[in-house]
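Summary of structural features
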Amino acid sequence: MADESRNFALRIITPDRTFFKGEASMVEFNTTEGQIGVYKDHIPMTVIIKPGVLKITSQEGVKKAALHSGFVEILQDSITILAEVIEWPEEIDEKRAEAAKERAEKLIREHNPQTDMVRAEAALQRAIARINVIH
């Protein structure tokens, strides 16, 4: 049995729903500064999310979701993620994600001066996050 005293409250909120509300013993995600893993009693801070796979570790095991952008507030006994978009694996259309990945890779490869490279790279990161959370 897991040590429940090591759990913290985790809330993940999007503009249109509460995506997750419960307890976790660890959460991992990408930030603009790199990947981070957070346990209870972490130093309080706020971070900006970078697209990637979110991993929630709890008594039930590890749950994964594709986390695209937003902000995180980390307190010693709770974490709140304000996400623009986040998806469970079953909410993702794999063919659509693969097509988006191919489009973004093509735009980056062609390096057309009219292409917004920052947007193309962000689209590629989101597509990769979706694909990785499915597999």
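Structure: above.
Here we summarise the structure given alongside this text. Every chain's residues receive numbers from 1 upward, in the order its sequence appears when written. Per-residue local features of the predicted model are confined to residues with pLDDT of at least 70, and side-chain atom pairs are confined, for both listing and counting, to 80 or more; whole-chain, interface and lining totals are unaffected and use all residues. The side-chain quantities take in all heavy atoms of the structure and omit both hydrogens and water.

1. Re a nonpolar patch on the surface
Selection criterion: A patch is a set of surface residues, each over 30% in relative accessible area and not in a salt bridge, joined within 9 Å for like charges and within 5 Å for the nonpolar side chains Val, Leu, Ile, Met, Phe, Trp and Tyr. Residue-level accessible areas treat just the shown protein chains as cover; the underlying method is Shrake-Rupley with a 1.4 Å probe. When a carboxyl oxygen of Asp or Glu lies within 4 Å of a side-chain nitrogen of Lys or Arg, that pair is called a salt bridge. For helices the rule is a DSSP run of H or I covering at least 4 residues; for strands it is a run of E covering at least 2, with both sets numbered from the N terminus onward.
A cluster of nonpolar side chains, namely Ile48, Phe71 and Leu82, defines an oily patch on the protein surface of about 300 Å² accessible area. Its place among the elements puts leucine 82 in strand S8 (residues 78-87).

2. Here we look at the layout of surface pockets
What counts is decided by this rule: Using protein atoms alone on a 1 Å grid, points that fit a 1.4 Å probe yet trap it form a cavity, whereas open point sets bounded by protein on both sides within 12 Å along at least five of seven lines form a pocket; residues with an atom within 4 Å of a point count as lining. Grid points are joined across faces, edges and corners, and a volume is the space filled by probe spheres set on the points. Amino acids are sorted into nonpolar (Ala, Val, Leu, Ile, Met, Phe, Trp, Tyr, Cys and Pro), charged (Asp, Glu, Lys and Arg) and polar (every other residue, Gly among them).
In this model, the largest pocket occupies a volume close to 310 Å³. Class assignment for the residues of the lining of the largest pocket results in eight nonpolar, no polar and eight charged.

3. Considerations on the environment of glutamine 35
Put simply, the test is: The criterion used for residue contact is that any of the two residues' heavy atoms lie within 4.5 Å.
Residue placement: glutamine 35 occurs in strand S4 (residues 34-38). When the C-alpha atoms of glutamine 35 and valine 53 are compared, they prove to be 10.0 Å apart, with 18 residues separating the residues in sequence. In this structure glutamine 35 touches Glu28, Phe29 and Asn30, once residues within four positions along its chain are discounted.

4. Quick look at the environment of serine 25
Which entries qualify depends on this criterion: Classification of residues uses two cut-offs on accessible area relative to the type maximum, computed with a 1.4 Å probe and protein chains only: under 20% is buried, over 50% is exposed, and between them is partly exposed.
Tracing the backbone through its elements, the reader meets serine 25 in the loop between strand S2 (18-24) and strand S3 (26-31). Judged by its relative accessible area of 22%, serine 25 falls in the partly exposed class. C-alpha of serine 25 to C-alpha of valine 133: the two residues are 108 residues apart in sequence and 20 Å apart in space. Setting aside residues no more than four positions away along its own chain, serine 25 makes contact with Arg6, Asn7, Phe8, Val38, Tyr39, Lys40, Thr57 and Ser58.

5. Points about the pairing of S8
Selection rule: Between any two strands, pairing holds if DSSP finds at least two bridges.
Counting buried residues in S8 gives seven out of ten residues, a clear majority hidden from the surface. Direction of pairing for strand S1 (residues 8-13) relative to S8: parallel, over a ladder of five bridges. Counted as the bridge partner of leucine 10 is isoleucine 79 from S8. By the bridge criterion, eight bridges tie strand S7 (residues 61-74) to S8 in an arrangement that is antiparallel. Paired with alanine 66 across the strands is glutamate 87, a residue of S8. Where S7 hands over to S8, the hairpin turn is made up of three residues, counted between the paired strands.

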